[in-house]
Amino acid sequence: MKHLIKSTWAWAAVAVVLAGCNSKPTAEEVIVKSYQKCESIEGGHYKMLVKKKYMSDKDTTLRRYTCDFKRLPYDIVYGKAFSMFEESLDSKWSSHLLYTGDELVNYYDSDSTGTIMSCDQWIDDIIAGRHNLTFYTPLTSRSHYPLRSEEELTDSTFTYSLSETRLDGRPCYLVDILGPVDDEPDTVFGMQTIRYEINLWIDKKDYLPWQYSIAFDIVEQQDTMYQYDEFKLLDFSPIVDESKLTLESIPEDVVLKDYEPYKEPEPLPEGAPAPEWSLPTLTGDTIRLADLKGKVVLLDFFYKSCAPCCAAMPILQSLHEKYKDKGFMMIGIDPIDDPEEDEMADFLAKRGITYTILFSERKLSDTYRVSGYPTLFFLDREGKITKMHIGFRKGMEEELEADLVKLLEK
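Residues numbered from 1 in each chain as written. Predicted model: local features only at pLDDT ≥ 70, side-chain atom pairs only at ≥ 80, totals over all residues. Heavy atoms only, no water.

Quick word on the sheet that holds strand β4 (residues 94-99)
Then step 1. The 12 strands lie next to each other as β7-β8-β9-β10-β11-β1-β2-β3-β4-β5-β6-β12, forming an open sheet whose pairing is mixed. At either margin of the open sheet sits one strand with a lone partner, and together these are β7 (159-167) and β12 (255-258). Direction aside, neighbouring strands of the sheet carry axes that sit 20° apart on average.
Then step 2. Bridge count for β4 against strand β5 (residues 103-107) is 4 bridges, and the pairing is antiparallel. Among the inter-strand pairings, H96 is bridged to a residue of β5, identified as Y107.
Then step 3. Each of β4, β5 and β6 (113-118) touches helix α3 (residues 119-129); the most contacted strand, β6, lies at about 100° to it. (Pairing = 2+ DSSP bridges. Helix = DSSP H or I, 4+ residues; strand = E, 2+ residues; numbered from the N terminus. Axes fitted to C-alpha atoms, helices over the stretch in contact; angles between N-to-C directions. Contact = heavy atoms within 4.5 Å.)

With respect to the state of the cysteines
Then step 1. Across all of its chains, the model carries 1 disulfide by this definition.
Then step 2. The disulfide that involves C306 links it to C309, with 2.4 Å between the sulfurs. Here C306 and C309 share a disulfide; its torsion about the S-S bond, 75°, makes the bridge right-handed. This pair shows no difference in class: C306 is buried, exactly as C309 is. (Disulfide = S-S within 2.5 Å. Buried < 20%, exposed > 50% of the residue type's maximum accessible area, 1.4 Å probe, protein only.)

Observations regarding the environment of Y136
Then step 1. Relative to the assigned elements, Y136 resides in the loop between α3 and α4 (137-140).
Then step 2. Separated by 90 residues in sequence, Y136 and Y46 place their C-alpha atoms 8.6 Å apart.
Then step 3. When near neighbours in sequence (up to four residues on either side) are disregarded, Y136 contacts Y46, M48, P209, W210, Q211, Y212, F231, K232 and L233.

Quick notes on helix α8 (residues 396-409)
Then step 1. Helix length check: α8 (14 residues) gives 20 Å between terminal C-alpha atoms against 20 Å at 1.5 Å per residue, within 8%.
Then step 2. Among all positions in α8, only M396, L400, E401, D403, L404, L407 and L408 are buried. The arc enclosing the buried residues of α8, seen along the axis, measures out at 160°, which places them on a common side. Turned more than 90 degrees away from the buried face of α8, the exposed residues are E398, K406 and E409.
Then step 3. Where α8 is buried, its residues contact β15 (296-301), α5 (307-323), β16 (328-334), β18 (375-379) and β19 (385-390). (Expected span 1.5 Å × (residues − 1). Arc of directions from axis to C-beta.)

Focus: the side chain of E230
Then step 1. The topology assignment puts E230 in strand β11 (residues 223-237).
Then step 2. According to the relative accessible area criterion, E230 is buried, its value standing at 12%.
Then step 3. Among the polar contacts made by the side chain of E230, one reaches the side chain of Y228 at a distance of 2.8 Å.
Then step 4. Setting aside anything within four residues of it in sequence, one finds E230 in contact with L49, V50, K51, Q211, Y212 and S213. (Polar contact = N/O pair within 3.5 Å; in protein donor to acceptor, adjacent residues only side chain to side chain.)

Let's talk about the packing of α5 against α8
Then step 1. The interhelical angle for the contact between α5 and α8, taken along N-to-C directions, is 30°, at an axis separation of 10 Å. When the axis of α5 is compared with that of α8, the two are roughly parallel. Like other packed secondary-structure pairs, α5 and α8 cross with a definite hand, here right-handed. Taken together, the residues of α8 that come into contact with α5 (itself represented by I315, L316, S318, L319, K322 and Y323) are M396, E397, L400, E401, L404, V405 and L408. (Parallel < 35°, antiparallel > 145°, perpendicular 65-115°, else oblique. Left-handed = near helix turned anticlockwise from the far one by under 90°.)

Considering the environment of V181
Then step 1. With respect to the helices, strands and loops of the structure, V181 is situated in the loop between β8 (170-178) and β9 (191-203).
Then step 2. Taking the C-alpha atoms as reference, V181 lies 9.9 Å from F158; in sequence the two are 23 residues apart.
Then step 3. Look past the residues within four positions of V181 in its chain and what remains in contact with it is T193, I194, R195 and Y196.

So, in structure tokens, the structure goes:
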């Protein structure tokens, strides 16, 4: 009987151990282990496929990246040296980027030319442009975003759930993260996030994250828009080939020139005649600038994916409604979007835009020396430029209306 009791307790202890081994971890535990896995990686080589759907676009872009990297703990620019080959799968465009820690080099296969930027001379410009580069951030960023550290997991505005799945035959944990949303539109651009979701596919064996996606649902002026980014590793090796991270890795036939910073064009002078144009409307009609003489005109150069442009639209619509019968003509000029492919009629209808919208080639923006969007030009009754406004800011409505009233009174 004693032996039976001892045997029963022994099997119970084994069962407890086995239960502990087979128990399902929490989403937070999986995230922490994945974070620690990525923290242990000092560099390596990966290939990545990136799908992006921008907020106001209906199509998805597809790009492939091949990257070699090595962490540079004290580097304040990228925190890593890297060699990256970026190629668009929607077109034949491709480029190479190399950062050694001392220089940033960008060159193209199409014409074997490129530019080189020294950190000693151009560090501010390099830092200003680094947001334009795409990396597999769990491996390459200091924060390992969208993974989160144990400390960050205490943020109660995020919620986590865990399931199991397979990715390309690989057993994975699927971590779903819901982030904070907005109770009301922001006070600058009038945008409201109503869904913020992150999904992570994490290898059950070694906790390497093989894929992640980030999605937003955003309401902008009664228009609900969806943005989605998916980043997928095609392969990864933690072995660093440092020979690829030097200037000597650049092919001998590539001609590099020193970087020259962008110089904004001199604005068109006040009092100068506005450059002439003849442009189509959504309905296929044509409007010529010359036909508008005798009216005060406000030209707005904009495009649909520009948040400041969209934020300005209600102001411009208000001016249109208030002064359209008093000798004022409000005109939007879009040099970026295609009227049909980009569904501009639907975009404008959702925002209640009834003032005239015209479509031009990008060359017209150059003619008007547009350096940023939106750019607005006031034209007097003779078609001469009286004032220019660049960008969007709070309080802009009062400033624009004051300028308009002065012109109408002349």
